[in-house]
Amino acid sequence: MERPNVSRQRFLIVTLLNVLITVVEIIGGLVSGSLALLSDAFHNLGDSISIVLGYFAQVISGRPENRRRTYGYRRAEILSAMANSIFLIVVSIALIVEAIKRFSHPEHINGRIMLIVAIIGLIANLVSAQLLHSGSHDSLNVKATYLHVLSDALSSIAVIFGGVILMFFNITWLDPTLTILVALYIAKEALPIIKQTLSILMQSSPDLDYEAIKHDLMQVPGVVGVHHVHAWTIDEHRIVFSAHLNCHDMMLSEVEKIYLQVEKILNDKYDIKHVTLQAECQRGRDEELFNPPVDHDKLC
């Protein structure tokens, strides 16, 4: 199944919007004295870099398979998603550290300037989020970039809330408190992406019902055993599956018919499209589903 890509124009618009927000927030943060605003500015600067990285990863992932990359370049997006998410965690930690320092050394903050700049940032971030939303459900890479933008929008809302209050009350702890809350939210959203991308890169098994798969394959006429199963993912969509099938002693042309039936079951019922099968007669028949094949040389 082909994934819808976010267009080059959308990535460009989102990047330009983030650069604009960064410039406005740096100026506004310096003038108003708001740590939350300055933190969001540097966060947006990192976002601009991440968005560009995400775009190039999407382009690279679309390149076809070749001699050096027989599975293609799909994991470029996975690497980009992990890099973006790790960056979000680093930013969150830096924001929390700076906010804690602010508790000890509070500064006066111009709530009016803070409010105006935050509103500009919110509008730009909401436009960016809308542009990336369509691709965020189908790609971890786009989702990581989308979360960057969405976390900025949330940060802007928090800064707006703080700006309104600071216009009327001089609450010195409010700005660093908002900064910590936003940072914790950013980290919370980034951690699941890191976990999922790491699982893919470590070739962890996808969430499949392997006993059900074995049961279904054993219903194919001629199949009397299934063992030495391996399954992993190239990206968050493409599952690679291999297995050894014990079959009755038959001609190779008959085995190919079994392969076609097995591949159809795996494709239609489990959405597994890349399948490698090995037919055997008695070898490995007593092995469990995930046991490796016996190395007969070591037994001698």
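Quick caveat, the model's predicted, so the values are computed rather than measured.

Engineer: Looking at this structure, how should I read a nonpolar patch on the surface?
Structural biologist: A cluster of nonpolar side chains, namely Val19, Val23, Ile27 and Val31, defines an oily patch on the protein surface of about 350 Å² accessible area. Note that Val23 resides in helix α1 (residues 8–32).

Engineer: Teacher, can you tell me more about the pairing of strand β3 (residues 274–280) here?
Structural biologist: Taken residue by residue, a regular strand's side chains alternate between the two faces of the sheet. Two strands pair when backbone bridges link them, and strand β2 (residues 239–247) and β3 are joined in this way by seven bridges, in the parallel orientation. Along β3, the bridge assignment pairs Ala243 with Leu277. The parallel pair β2 and β3 is bridged by helix α8 (residues 252–270), and the resulting crossover is right-handed.

Engineer: When you look at empty space enclosed by the protein in this model, what are you seeing that I'm missing?
Structural biologist: Any empty space left between atoms is shown by rolling a water-sized probe over those atoms. Evaluated as defined, the whole model comprises two cavities of 30 Å³ or more. For the second largest cavity, the calculated volume is near 30 Å³. Tyr210, Ile213, Lys214, Val226, Val229, Phe241 and Leu289 are the residues that line the second largest cavity. Those elements giving two or more residues to the lining of the second largest cavity turn out to be α7 (210–218) and β1 (223–233). The element best represented in the lining of the second largest cavity is α7, accounting for three residues.

Thresholds applied
- Residues numbered from 1 in each chain as written.
- Predicted model: local features only at pLDDT ≥ 70, side-chain atom pairs only at ≥ 80, totals over all residues.
- Heavy atoms only, no water.
- Patch = residues over 30% accessible without salt bridge, like charges linked within 9 Å, V, L, I, M, F, W, Y side chains within 5 Å.
- Areas by Shrake-Rupley, 256 points an atom, 1.4 Å probe, with all protein chains shown as cover.
- Salt bridge = Lys/Arg side-chain N within 4 Å of Asp/Glu carboxyl O.
- Helix = DSSP H or I, 4+ residues; strand = E, 2+ residues; numbered from the N terminus.
- Pairing = 2+ DSSP bridges.
- Right-handed = clockwise from strand over helix to strand, strands pointing away.
- 1 Å grid on protein atoms, 1.4 Å probe; cavity = no way out; pocket = protein on both sides within 12 Å on 5 of 7 lines; lining within 4 Å.
- Points joined across faces, edges and corners; volume = space filled by probe spheres on them.

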